[in-house]
Amino acid sequence: MKYSLIADAYKNIESTSKRLEMTDYLVKLIKQTPKNLLSKVAYLTQGKLHPDFDGIEISMAERMVIMCLVKISGKKKNEVTKTWKIIGDLGSTADRLLSEQYTMKLITSLPLTVEKVYNTLDKIAHTSGKGTVGIKVSLLADLLIGATSKEARYLVRTVMGKLRLGIGDMTFLDALAIAYGEGKHSRVDVERAYNMSSDLGLVSETLANEGLEGIRRFRIRIGRPIRPMLCERLTTADEILTKLGGWGSAEFKYDGLRIQAHITSAGISLFSRRLENITSQFPDIIKALASSVNAEELIVEGECVAVDPNTDEMLPFQVVTQRRGRKYEIKRMTKEIPVVLILFDALYVDGKSLIDLPYLKRRQILKKMVRETNGIRMTHPLITDNPVELDALMDTAAETGYEGLVIKSIGSNSIYQAGARGFLWIKYKREYRSDMADMVDLVVVGAFAGRGRRAGTYGALLMASYDEELDAFKTVCKLGSGFDDATLARLPKIFEADRIDHAHPRVESKIEADFWFVPRKVLELIGSELTLSPLHTCGLDIIKKDVGLAIRFPRFAGKWRDDKASEDATTVKEIISMYRSQLKHV
Ligand code: ATP
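Residues numbered from 1 in each chain as written. Predicted model: local features only at pLDDT ≥ 70, side-chain atom pairs only at ≥ 80, totals over all residues. Heavy atoms only, no water.

Examining the site of the ligand
Formally: Neighbouring residues are identified by heavy atoms, a residue being near a molecule or strand if any of them is within 4 Å of it. Note on areas: Shrake-Rupley, 1.4 Å probe, and residue coverage restricted to the protein chains presented here. In DSSP terms, a helix is any run of H or I states spanning at least four residues, a strand is any run of E spanning at least two, and both are numbered starting from the N terminus. Throughout this entry, Asp, Glu, Lys and Arg are counted as charged residues, while Ala, Val, Leu, Ile, Met, Phe, Trp, Tyr, Cys and Pro are counted as nonpolar. The remaining residues, Gly among them, count as polar.
Near the ligand you find 20 residues, and of these Cys231, Glu303, Lys427, Lys429 and Lys564 are the closest. In the complex, the protein chains occlude 97% of the 600 Å² of accessible area that the ligand would expose alone. When residues of the shell around the ligand are traced back to their parent elements, those giving at least two are β1 (230-233), β2 (248-253), β10 (404-408) and β11 (421-429). Among the elements that take part in the shell around the ligand, β11 stands out by supplying four residues, more than any other. In terms of residue class, the shell around the ligand is made up of seven nonpolar, one polar and 12 charged.

Structure, rendered in C-alpha cells:
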C-alpha cells in the first residue's frame with residue numbers, strides 16, 4: 001500500500017472541521033487499506049504505532065528532525081531553522097524544503113509504502129542507548145529521501161508526536177462501523193470490543209477479518225487494559241437512592257490514582273485511568289499484590305492512595321501524583337511516599353469475564369480472591385436504602401478528609417459498564433453540599449494575552465467540556481483566577497508544545513482566542529454557578545436557542561489532572577444536568 005494514500009487522507013481530513021466529512025475520508029482510507037495492514041493504519045492515524053498501554057512512543061526531538069532536514073535538503077542549519085521559525089511547524093517546513101527538490105525526486109524515487117514507513121518508524125521508536133541520535137536521524141532521512149513533500153509533512157509530524165489530525169477514537173470507531181459493519185449503528189458492538197481491549201488496531205483487524213460476528217465474540221484478555229467505568233454525579237442523597245432504585249452500595253471516594261491490576265502467576269501489570277502501563281512506577285504495589293492474590297489470573301481495580309508512614313493517614317491526591325511519571329529514584333520514592341491500593345472491583349478471574357455480573361457478585365469474588373494486607377485493602381461498602389444514613393456516612397467522609405462517596409447500584413443490571421459514564425455509579429461529593437460549586441475537569445483549548453500585571457503571560461485560559469456524541473470540545477468559560485504567581489508566569493511555557501495557529505478541528509468556539517492549543521491538558525476548577533450564555537458552545541441550543549452554558553467566577557482548584565485524557569473531561573451532558581439540578585435547588 002502506498003503511503004501517499006494515507007497522506008492524501010490526512011490532507012483531506014485536515015481541510016475540514018466537519019466530523020461527518022472527516023468520518024467519510026476515514027471510511028475511504030479504511031476501505032483502501034488491505035486487511036493485514038489495517039491495524040497499522042489505525043495506529044498511524046492516531047499518530048501512534050501501538051496501543052497506548054504498550055508505552056512505545058516515537059517522539060523525536062526538534063533538533064534531531066532539524067539535523068535530518070539539513071542532511072536531506074543540502075541547506076545550512078540556520079536556513080532550515082529560519083524557514084521553520086517563519087512557518088512555525090517542522091512538518092510544513094519539511095514540505096517546503098522537499099517541494100523545492102520535487103522535480104529531481106520524480107525521476108529518482110520509488111513510491112514510499114506503508115510497510116516501509118511503519119517498520120522504519122518502529123525502528124526509530126525502539127532505538128535507544130549509545131549513538132541513538134545518529135541512528136534515528138539516518139532512519140528518518142532514509143524515509144524522507146523517498147518521500148513526496150506532502151508525505152514528508154506528515155512523516156515529520158508523526159515522528160515528533162504532533163500529527164494532530166483531530167480524529168478521536170470514537171470517530172475512528174464510527175468509520176470502522178461504516179466501512180466493515182452494518183453502518184453507524186454497528187458502532188455499539190465495535191465500541192464494546194474497544195472498551196474491552198483499549199486497542200484500536202486489534203479491533204480494526206478483528207472487524208475486517210471476522211466481521212461483526214468476530215467483534216461480538218471479542219473477549220477480555222489479561223494484559224490488555226479494560227476502559228474504566230465512570231460515575232455520574234448527583235447532589236442529594238434522596239436523588240441518588242431514587243435513581244438507583246431504592247438501594248445502593250456506598251463507599252468512600254478515595255482521592256488517589258485509579259489503578260487496574262492484571263495479575264497472572266507469570267507477572268503483574270498495572271494500568272492507569274488513561275490506560276498507560278505504569279507497572280514500573282509501583283514496585284511496592286506489585287509486591288503487595290503478589291502476596292495477597294489467590295488466583296491464577298485476575299483483573300482488579302482500585303484507588304492507589306498515599307499514606308503518611310507515621311500515622312497511616314491517607315494523604316491527598318497531590319501527594320500520590322509525585323509517584324507518577326518517575327523513571328528514576330523509584331526505590332527512594334517508595335520509601336518517601338508509601339502507597340496503598342484500595343480495591344473496589346474485580347473484572348476477570350481465571351479465564352472468566354466478570355463484567356456482566358452484578359456488582360455484589362463481583363465483590364464476593366474480589367473478597368474470595370484477594371486477602372487484605374497492609375498494602376492491599378478493600379473498600380467496605382454500606383448497603384443502604386436510607387438517605388439519612390447516606391448523609392451520615394458523607395459526614396464521616398468529610399471529617400476524615402475523603403472526597404465524598406461513590407454509591408453503586410446493586411440491582412440485577414449492575415454490570416461493569418466498561419468505558420461508560422453512567423448512573424450505575426454515582427458520585428456524591430462534599431462540595432456539592434456547600435455552595436452550587438461543583439468541581440469540574442475541563443480541557444484547556446486556548447488562551448488570552450495578559451494585560452497589566454499579567455503582560456507577557458496569559459491573562460486567562462479558554463476552557464472546554466467534552467461532547468461525547470460529537471467527539472468535540474465545547475467552550476464553557478474563561479479561567480483567570482486561582483493561579484499562584486509562579487504558575488501564572490509559567491503558563492506560556494507549559495502550553496508551548498501544544499500551540500497551534502488556529503482553533504483545533506475538534507474545538508467548537510464562538511470566542512476568538514489569542515492563542516490556540518491542542519486540547520490536551522485537563523484542569524480541575526470550581527465555579528460559583530452555571531448560567532446561560534450566548535458566548536459559549538457547551539449546551540448550545542439545548543436549554544434555549546442560540547444560547548449555551550457558562551461557569552460563573554471559575555477558579556483553578558489546584559489540580560492539573562494529568563491522569564485524565566481530554567476525553568475524560570467533564571462532559572457537556574454532565575454540565576447540562578448540573579445546570580438542571582441547580583435550577584431544582586433554588
Ligand atoms: P473525579 O474527578 O471526581 O475523581 P473522575 O472523573 O476521575 O472523578 P469519576 O468516574 O467521576 O472519575 O469518579 C470515579 C473515580 O473515583 C474513579 O475513577 C476512581 O479513581 C475514584 N474512586 C475513589 N474511590 C472509589 C470507589 N470506592 N469506587 C469507585 N471509584 C472510586
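The discussion continues.
Some words on the nonpolar core
Which entries qualify depends on this criterion: By nonpolar core we mean a set of buried residues, namely Ala, Val, Leu, Ile, Met, Phe, Trp, Tyr and Cys, connected to one another through side-chain atoms within 4.5 Å. Think of it in three bands: with a 1.4 Å probe and only protein chains considered, a residue is buried below 20% of the maximum accessible area for its type, exposed above 50%, and partly exposed in between.
Counting residues in each nonpolar core, the largest one holds 105 residues, and the members touching the most others are Ile6, Val65, Leu69, Leu144, Val159 and Leu176. It is helix α11 (residues 169-180) that contributes the most residues to this core, seven residues altogether.

Description of the pattern of salt bridges
Condition: Each salt bridge in this description consists of a side-chain nitrogen of Lys or Arg and a carboxyl oxygen of Asp or Glu lying within 4 Å of one another.
Summed over all chains, the structure comprises 41 salt bridges. Glutamate 276 is the salt-bridge partner of arginine 324, the closest N and O atoms lying 3.8 Å from each other. Linking arginine 324 in the loop between α16 (317-320) and α17 (330-336) with glutamate 276 in the loop between β4 (267-271) and α15 (283-292), this pair joins segments that are 48 residues apart in sequence. Among the residues examined, arginine 324 registers a relative accessible area of 21% and is labelled partly exposed. Under the relative-accessibility criterion, glutamate 276 is labelled partly exposed at 25%. Across the salt bridge formed by lysine 521 and aspartate 498, the nearest N and O atoms sit 2.9 Å from each other. Taken together, the residues span a long stretch of sequence, with lysine 521 in the loop between β17 (515-517) and β18 (522-526) and aspartate 498 in the loop between α21 (485-495) and β15 (499-500) at a distance of 23 residues. Looking at lysine 521, the relative accessible area reads 22%, which means it is partly exposed. Judged by its relative accessible area of 3%, aspartate 498 falls in the buried class. Overlapping salt bridges bring together Asp255, Asp441, Glu524, Lys559, Arg561, Asp563 and Lys564 as one network.

Describing helix α12 (residues 187-197)
Basically, it comes down to this: Any two residues having at least one pair of non-hydrogen atoms within 4.5 Å are treated as being in contact.
Burial of α12 is extensive: nine of the 11 residues sit out of reach of the surface. Every buried residue of α12 is listed here: Arg187, Asp189, Val190, Glu191, Ala193, Tyr194, Asn195, Met196 and Ser197. For α12, the elements touching its buried residues are α2 (19-32), α11 and α13 (200-216). Residue serine 198 follows α12 closely and has a positive phi angle near 55°.

So, the pairing of strand β5 (residues 297-306)
Counted only if it meets this: In this scheme, strands are said to pair when DSSP sees at least two bridges between them.
With respect to burial, β5 is a largely interior element, nine of its 10 residues being buried. Taken together, the nine bridges between β5 and strand β6 (residues 339-349) define a ladder with antiparallel strand orientation. Bridge assignment links glutamate 303 to a residue of β6, and that residue is isoleucine 342.

So, the sheet that holds β2
As a reminder of what qualifies: Think of each axis as a best-fit line through the C-alpha atoms, taken over the contacting stretch in the case of a helix, with angles from 0 to 180 degrees between the N-to-C directions.
A sheet is described by the order of its strands in space; here five strands give the open sequence β1-β11-β10-β2-β9, paired in mixed fashion. At either margin of the open sheet sits one strand with a lone partner, and together these are β1 and β9 (382-384). Geometrically, the sheet is characterised by an average inter-axis angle of 40° between neighbouring strands, direction not taken into account. Packed on one face of the sheet, helix α18 (residues 359-369) meets β2, β9, β10 and β11 and runs near 55° to β2. Sheet strands in contact with helix α19 (residues 387-400) are β2, β9, β10 and β11, and its direction is about 140° off that of β10.

Remarks on the side chain of lysine 136
Put simply, the rule reads: All tallies of charge rest on Lys and Arg as positive and Asp and Glu as negative; His and the ends of each chain are not included.
Note that lysine 136 resides in helix α9 (residues 132-145). Buried within the structure, lysine 136 lacks any salt-bridge partner; glutamate 57 is the closest side chain of opposite charge, at an N-O distance of 9.7 Å. Contacts of lysine 136, omitting those with residues within four sequence positions, involve Ile58, Met60, Met64, Ile124 and Thr127.

Some remarks on a nonpolar patch on the surface
Rules: Two joining distances apply to patches: 9 Å for like charges and 5 Å for nonpolar side chains (Val, Leu, Ile, Met, Phe, Trp, Tyr), and every residue must have over 30% relative accessible area and no salt bridge.
A cluster of nonpolar side chains, contributed by Trp247, Leu360 and Ile383, occupies part of the molecular surface with about 260 Å² of accessible area. Counting through the fold element by element, tryptophan 247 comes out in the loop between α14 (237-243) and β2.

Observations concerning the packing of helix α3 (residues 38-45) against helix α8 (residues 114-126)
If you want to describe how two helices pack, look at the angle between their axes and the distance between the axes. Counted only if it meets this: The cut-offs work like this: below 35 degrees is roughly parallel, past 145 is roughly antiparallel, 65 to 115 is roughly perpendicular, and the gaps in between are oblique. Handedness of a crossing is defined here by the sense of rotation of the near helix relative to the far one, left-handed for an anticlockwise turn of less than a right angle and right-handed for a clockwise turn.
Following both chains from N to C, one finds α3 and α8 inclined at 60°, their axes separated by 11 Å at the closest point. In terms of axis orientation, α3 runs oblique to α8. Considering how the two elements wind past one another, α3 and α8 form a crossing that is left-handed. Note on element contacts: α8 touches α3 through Val114, Tyr118 and Leu121, opposite Lys40, Val41, Tyr43 and Leu44. Partitioned by chemical class, the residues of the contact of α3 with α8 number six nonpolar, no polar and one charged.

Observations regarding the domain arrangement of the chain
What counts here: Note that the domain bounds reflect an automated or database-derived domain assignment.
Considered domain by domain, the chain is made up of domain 1 (48-159), domain 2 (230-433) and domain 3 (440-584). Domain 1 and domain 2 are separated by 44 Å when their C-alpha centres are compared.

Focus on the environment of alanine 447
If you trace the backbone, alanine 447 turns up in strand β12 (residues 439-449). Judged by its relative accessible area of 0%, alanine 447 is buried. For the pair alanine 447 and tyrosine 458, spaced 11 residues apart in the sequence, the C-alpha separation amounts to 6.3 Å. In this structure, alanine 447 is in contact with Tyr458, Ala460, Leu461, Leu462, Ala513, Asp514, Phe515 and Phe517, ignoring residues within four places of it in sequence.

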